[in-house]
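Structural overview
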Amino acid sequence: MRLNEIAYNDAVPIDGYGPGFFRIGGKRFDGSVAVFPDGVKSWGGFTDTQTIIDQADTLDVLFVGTGAEIAHLPHDFRITLESAGIGVESMASPAACRTYNVLLSEGRRVAVALLPV
């Protein structure tokens, strides 16, 4: 699925997604990823909080795409990130991609961690 194009200044938008991959900033990334305003990093899933905490001073909220369907986040994952001062919102990965792009285009301090659909 293709997402709408918007001006993002220097940030990296999510261009699209499909089974097992995401297209971000014109490049294909397979598997789970974390997308920050300054780039993309591989993400190890709910046990990998450090990748996100390392970016805590650059973001206010993290959207977590839980795959094709919305799911509850593991308690320890949420508590660890919130203790680091990061707000966490879960949603299905397609919705997380769209929401990230919209808030990113508004200049908000957001990131998204995505499990593939």
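As a reminder, the structure under discussion sits directly above these lines.
The sections below set out a description of the structure shown in this document.

A closer look at the environment of Asp57
Examined against the element boundaries, Asp57 turns out to sit in the loop between helix 1 (50–53) and strand 6 (61–66). Given a relative accessible area of 62%, Asp57 falls into the exposed group. Spatially, the C-alpha atoms of Asp57 and Arg109 are 9.5 Å apart, while their sequence positions differ by 52 residues.

Comments concerning the pairing of strand 3 (residues 27–30)
Pairing analysis gives 4 bridges linking strand 2 (residues 21–24) to strand 3, with the strands arranged antiparallel. Of the residues in strand 3, the one forming a bridge with Phe22 is Phe29.

Observations concerning the side chain of Thr49
Tracing the chain through its elements places Thr49 in the loop between strand 5 (39–42) and helix 1. The residues contacting Thr49, other than those within four sequence positions of it, are Phe77, Thr80 and Leu81.

A short note on the pairing of strand 8 (residues 110–115)
By the criterion of burial, strand 8 is predominantly enclosed, with 6 of the 6 residues buried. Neither face of strand 8 is exposed, since Val110, Val112 and Leu114 on one face and Ala111, Ala113 and Leu115 on the opposite face are all buried. Note that strand 4 (residues 33–36) and strand 8 share 3 bridges and pair antiparallel. Looking across to strand 8, one finds that Val33 is bridged to Leu114. Sheet topology places strand 6 next to strand 8; 6 bridges connect them, and they run parallel. Looking across to strand 8, one finds that Gly65 is bridged to Leu114.

Some points on the sheet that holds strand 2
Pairing is antiparallel in the open sheet, where 3 strands are placed in the order 1-2-3. For this open sheet the edge positions go to strand 1 (14–18) and strand 3, each flanked by a neighbour on one side alone. Between one strand axis and the next, the sheet turns through 20° on average, direction left out of account. Inspection of the sheet shows strand 1 paired to strand 2 by 4 bridges, in the antiparallel sense. Paired with Tyr17 across the bridge in strand 2 is Phe22. Those strands touched by helix 3 (residues 93–105) are strand 1 and strand 2, and its axis lies near 175° from that of strand 1.

Points about the pattern of salt bridges
With the rule as written, the count across this model stands at 4 salt bridges. Residue Asp60 is joined to Arg109 by a salt bridge in which the shortest nitrogen-to-oxygen separation is 3.2 Å. Placement of the pair is Asp60 in the loop between helix 1 and strand 6 and Arg109 in the loop between helix 3 and strand 8, with a sequence separation of 49 residues. When its relative accessible area of 37% is taken as the criterion, Arg109 is described as partly exposed. The closest approach of N and O atoms between Glu106 and Arg108, which form a salt bridge, is 4.0 Å.

Quick notes on the rules
- Residues numbered from 1 in each chain as written.
- Predicted model: local features only at pLDDT ≥ 70, side-chain atom pairs only at ≥ 80, totals over all residues.
- Heavy atoms only, no water.
- Helix = DSSP H or I, 4+ residues; strand = E, 2+ residues; numbered from the N terminus.
- Buried < 20%, exposed > 50% of the residue type's maximum accessible area, 1.4 Å probe, protein only.
- Pairing = 2+ DSSP bridges.
- Contact = heavy atoms within 4.5 Å.
- Axes fitted to C-alpha atoms, helices over the stretch in contact; angles between N-to-C directions.
- Salt bridge = Lys/Arg side-chain N within 4 Å of Asp/Glu carboxyl O.

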